[in-house]
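Chain residues, written in single-letter form:
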Amino acid sequence: MQTLCRCYGEFDVAEAGEFGVKNYGSEAWFSGEDGRNIPVDAGHYMIFVKLTTDNKLAAPIVVGEPAYYVVGTCGNGGWAADATQTNEAYKMVAGEDGIYSLKVTFTDKETADWADGKVAFKVAYGVGGMVANEFWWGDNGNNVVVEPGEYTITFDPATGSVAVK
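Residues numbered from 1 in each chain as written. Predicted model: local features only at pLDDT ≥ 70, side-chain atom pairs only at ≥ 80, totals over all residues. Heavy atoms only, no water.

Novice: Tell me what's going on with the side chain of Asn87, and back it up with residues and numbers.
Specialist: Summarising the element assignment, Asn87 is placed in the loop between β8 (67-72) and β9 (93-94). Not counting the four nearest positions on each side in its chain, Asn87 is found in contact with Tyr69 and Asp82. (Helix = DSSP H or I, 4+ residues; strand = E, 2+ residues; numbered from the N terminus. Contact = heavy atoms within 4.5 Å.)

Set out below in structure tokens:
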């Protein structure tokens, strides 16, 4: 089956509950892997739904609290796949000023030949290994490329600027 669409959204939940996803074009109802609605606590969530051309789930619904991550040749090199709650080593931390930061040490193992033997990365916003196309930031849309070493990476969501010190 061919994937027809990969849709995403963000939403806030005021109090604990559960939900599913309705396709208003076909009236189809999609829920968790076990066929039950997806439980959520109060909070902010991002959701990704992949549908096939015959209006079936192409993969389980991905839902969770989104965050900003440094992804690229660093970490496990999974790029968007690194945008997960378990990837604490490359998860950025929000400051009181709304600027996100991450202190990181890149090693020689995180370099790539195509990046001239350097580390290449971007900042991504996502959840569960999923990132929408418009949620990638770097050096004017390109990868940020640095030598292995210790850095503080900052990201300003208001401007989309990524800085490395």
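Novice: Which residues make up the pairing of strand β10 (residues 100-106), and what are the values?
Specialist: Relative to β10, β9 is paired through two bridges, and the arrangement is antiparallel. Among the inter-strand pairings, Val93 is bridged to a residue of β10, identified as Ser101. Linking β9 back to β10 in an antiparallel pair, the connection comprises five residues, with Gly98 at a positive phi of about 85 degrees. Of the pairings in the sheet, the one linking β10 to strand β14 (residues 149-156) comprises seven bridges and is antiparallel in character. The residue of β14 that forms the bridge with Lys103 is Thr152. (Pairing = 2+ DSSP bridges.)

Novice: Could you give me a rundown of the nonpolar core, with the residues and numbers involved?
Specialist: General note: in soluble globular proteins, nonpolar side chains tend to be found buried as a group. In this structure, Val70, Met92, Phe106, Phe121, Trp137, Ile153 and Val162 are the most contacted members of the largest nonpolar core, which totals 33 residues. Listed by contribution, the elements that provide at least two residues to this core are β6 (43-52), β8, β10, β11 (119-127), β12 (130-137), β13 (144-146) and β14. It is β11 that provides the largest number of residues to this core, a total of six residues. Aside from chain neighbours lying at most four places away, what touches Phe121 is Val70, Val71, Gly72, Cys74, Trp79, Phe106, Asn143, Val144, Val146, Ile153, Val162 and Val164. (Core = buried A, V, L, I, M, F, W, Y, C linked by side-chain atoms within 4.5 Å. Buried < 20%, exposed > 50% of the residue type's maximum accessible area, 1.4 Å probe, protein only.)

Novice: Lay out the sheet that holds β9 with the relevant residues and their values.
Specialist: One open sheet accounts for four strands, arranged β9-β10-β14-β15; its pairing is antiparallel. Every other strand in the sheet has two partners, leaving β9 and β15 (161-164) as the edge strands with one partner each.

Novice: Please give an account of the packing of aromatic side chains that cites residues and values.
Specialist: Tallying each qualifying case throughout the model produces 15 aromatic pairs. On the basis of an interplanar angle of 40 degrees and a centroid distance of 6.0 Å, the ring pair of Phe106 and Tyr151 is categorised as tilted. With a gap of 45 residues between them, Phe106 in strand β10 and Tyr151 in strand β14 connect regions that are remote in the sequence. Look at Phe106 and you get buried, because its relative accessible area is 2%. Judged by relative accessible area, Tyr151 falls into the buried class, the value being 17%. Note on Tyr125 and Phe135: the rings are 5.2 Å apart at their centroids and 75 degrees apart in plane angle, and the pair reads as edge-to-face. Remark: Phe135 occurs in strand β12 and Tyr125 occurs in strand β11; sequence separation between them is 10 residues. Like Tyr125, the residue Phe135 is buried in the burial classification. Members of the aromatic cluster, connected to one another through ring pairs, are Tyr8, Phe48, Tyr68, Tyr100, Tyr125, Phe135, Trp137 and Phe155. (Phe/Tyr/Trp six-rings, centres within 6.5 Å; stacked < 30°, edge-to-face > 60°.)

Novice: Give a description of the pattern of salt bridges that names residues and reports values.
Specialist: Two side chains that carry opposite charge are able to pair once their charged atoms sit near each other. Enumeration over the complete set of coordinates arrives at three salt bridges. Measuring nitrogen to oxygen at the nearest pair gives 4.0 Å for the salt bridge that ties Glu88 to Lys91. Relative accessible area serves as the criterion here: at 23%, Lys91 is assigned to the partly exposed category. (Salt bridge = Lys/Arg side-chain N within 4 Å of Asp/Glu carboxyl O.)

Novice: An account of the environment of Thr105 is requested, with residue identities and associated values reported.
Specialist: Counting through the fold element by element, Thr105 comes out in strand β10. Classification of Thr105 by relative accessible area gives partly exposed; the value is 45%. Taking the C-alpha atoms as reference points, Thr105 and Pro148, 43 residues apart in sequence, are found 7.3 Å from one another. When sequence neighbours within four positions are dropped, the list of residues in contact with Thr105 reads Tyr90, Glu110, Gly149 and Glu150.

Note that all results are geometric; they support no functional claim without further evidence.
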